[in-house]
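Fold and contact review
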Amino acid sequence: MGNLLSAVTDFVGGGIFKEIKETVLAYLPPDITPLQKAELELKVQALLNTKQTEADRILFDASVQLDKRISEQEGTASDLKSLGLLGKPIIFLRGCQRPVWGFATLWIDYMWFFGSYQMSDQQNTALIVINMLVLGFLFGERTILNLQPLIERVFAKK
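The model shown is predicted, which means the values in this text are computed figures rather than measured ones.

1. Describing the overall build of the protein
Counting its secondary structure elements, the protein contains six helices and zero strands. Going from the N terminus to the C terminus, the protein shows its helices and strands as α-α-α-α-α-α. Going through the 158 residues of the protein one by one, you find that 13% of them count as buried. Considering only intrachain contacts with a sequence separation of at least 6, the fraction spanning at least 24 residues in the protein is 46%. When the accessible surface of the protein is totalled, it reaches about 12800 Å², and 64% of it is carbon and sulfur.

The structure is reproduced here in C-alpha cells:
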C-alpha cells in the first residue's frame, strides 16, 4: 500500500503540477513582457503550491485512515496484552515470525546448494517461490523488481 500512496503522490504532486505549469507558460503570447511573464509564473506557482499542499494533506489523511483500519482489523500489541498470559507468547511469536522464516529459508537454501538434497522440479519451483516471498517480505518489492531481469534469464535458460 505504501507503494500505491507513493505513486499517487508522485503523480498528483510533482508530475501533474509541473506539467500544468509548463503547459501554461508555453502558451503565453509572444508579446508578453518579461515582468508580466514573471508575475504570471509566480501566480501559477502559488496556485500549484496550494494544490500540492492540499493533495499532500489528502494523501496523509488516507494513510492515517488505512493505518487505523489495519489496526482495527488485525489488532495491536496492546490488544494482545489484554489476553493476559496468552497474549505475551502471541506477541513473542508474532515478533519472531520474520527471523524464523528468514533463517529457515537460509537453512533450506544452504541444504539446496551445498547439501545432499535431491529435489524434484516441483520442489525446486516451490523453493524459488518461497525465496521470492521471504526475500520480498524481508527486503521489499524493490529488491525483487531489481532482480527480475536476472530471474527471467535464469528461467529462460531452462
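On we go.
2. Observations regarding helix α2 (residues 34–74)
When the terminal C-alpha atoms of α2 are compared, their 58 Å separation across 41 residues agrees well with the 60 Å that a helix rising 1.5 Å per residue should span. Within α2, burial applies to Val44, Leu48, Ala55 and Leu59. Immediately beyond the C-terminal end of α2, within one or two residues, lies Gly75, with a positive phi of roughly 85°.

3. Concerning the packing of aromatic side chains
The tally for this structure, following the rule as stated, stands at three aromatic pairs. Between Tyr110 and Phe114, the aromatic rings sit 5.4 Å apart at their centres with planes inclined by 45°, giving tilted as the arrangement. With a gap of four residues between them, Tyr110 and Phe114 both fall in helix α4 (residues 87–114), about one helical turn apart. Overall, Tyr110 belongs to the partly exposed group, its relative accessible area being 44%. Aromatic ring contacts, followed pair by pair, group Trp107, Tyr110 and Phe114 into a single cluster.

4. With respect to the environment of Leu80
Mapped onto the fold, Leu80 is located in helix α3 (residues 77–81). By relative accessible area, Leu80 is classed as buried at 15%. Counting along the chain gives eleven residues from Leu80 to Ile91, while the straight-line C-alpha distance between them is 6.9 Å. Those residues in contact with Leu80 that lie beyond four places of it in its chain are Gly87, Ile90, Ile91 and Arg94.

5. Quick notes on the pattern of salt bridges
In a structure, side chains of opposite charge can pair up when their charged atoms sit close to one another. According to the stated counting rule, one finds one salt bridge in the structure shown. A salt bridge links Asp61 to Arg57, with the nearest nitrogen and oxygen atoms 3.2 Å apart. Of this pair, Asp61 and Arg57 both sit in helix α2, four residues apart, which is roughly one turn of that helix. Arg57 sits in the partly exposed class, given a relative accessible area of 46%.

6. Section: the environment of Ile16
Summarising the element assignment, Ile16 is placed in helix α1 (residues 2–26). Looking at Ile16, the relative accessible area reads 30%, which means it is partly exposed.

7. Notes on the confidence of the model for the protein
This prediction gives the protein a mean pLDDT of 79; 89% of its residues lie at or above 70. By mean pLDDT, the top-scoring element of the protein is α4 (85), and the lowest-scoring one is α1 (64).

8. Some points on the environment of Ala77
By the secondary structure assignment, Ala77 is in helix α3. Judged by relative accessible area, Ala77 falls into the partly exposed class, the value being 30%. Taking the C-alpha atoms as reference points, Ala77 and Arg94, separated by 17 residues in sequence, lie 9.5 Å from one another. Residue contacts for Ala77: discarding those within four places in its chain leaves Ile91 and Arg94.

So, how was this worked out
Residues numbered from 1 in each chain as written. Predicted model: local features only at pLDDT ≥ 70, side-chain atom pairs only at ≥ 80, totals over all residues. Heavy atoms only, no water. Helix = DSSP H or I, 4+ residues; strand = E, 2+ residues; numbered from the N terminus. Buried < 20%, exposed > 50% of the residue type's maximum accessible area, 1.4 Å probe, protein only. Contact = heavy atoms within 4.5 Å. Areas by Shrake-Rupley, 256 points an atom, 1.4 Å probe, with all protein chains shown as cover. Expected span 1.5 Å × (residues − 1). Phe/Tyr/Trp six-rings, centres within 6.5 Å; stacked < 30°, edge-to-face > 60°. Salt bridge = Lys/Arg side-chain N within 4 Å of Asp/Glu carboxyl O. pLDDT = per-residue confidence, 0-100.

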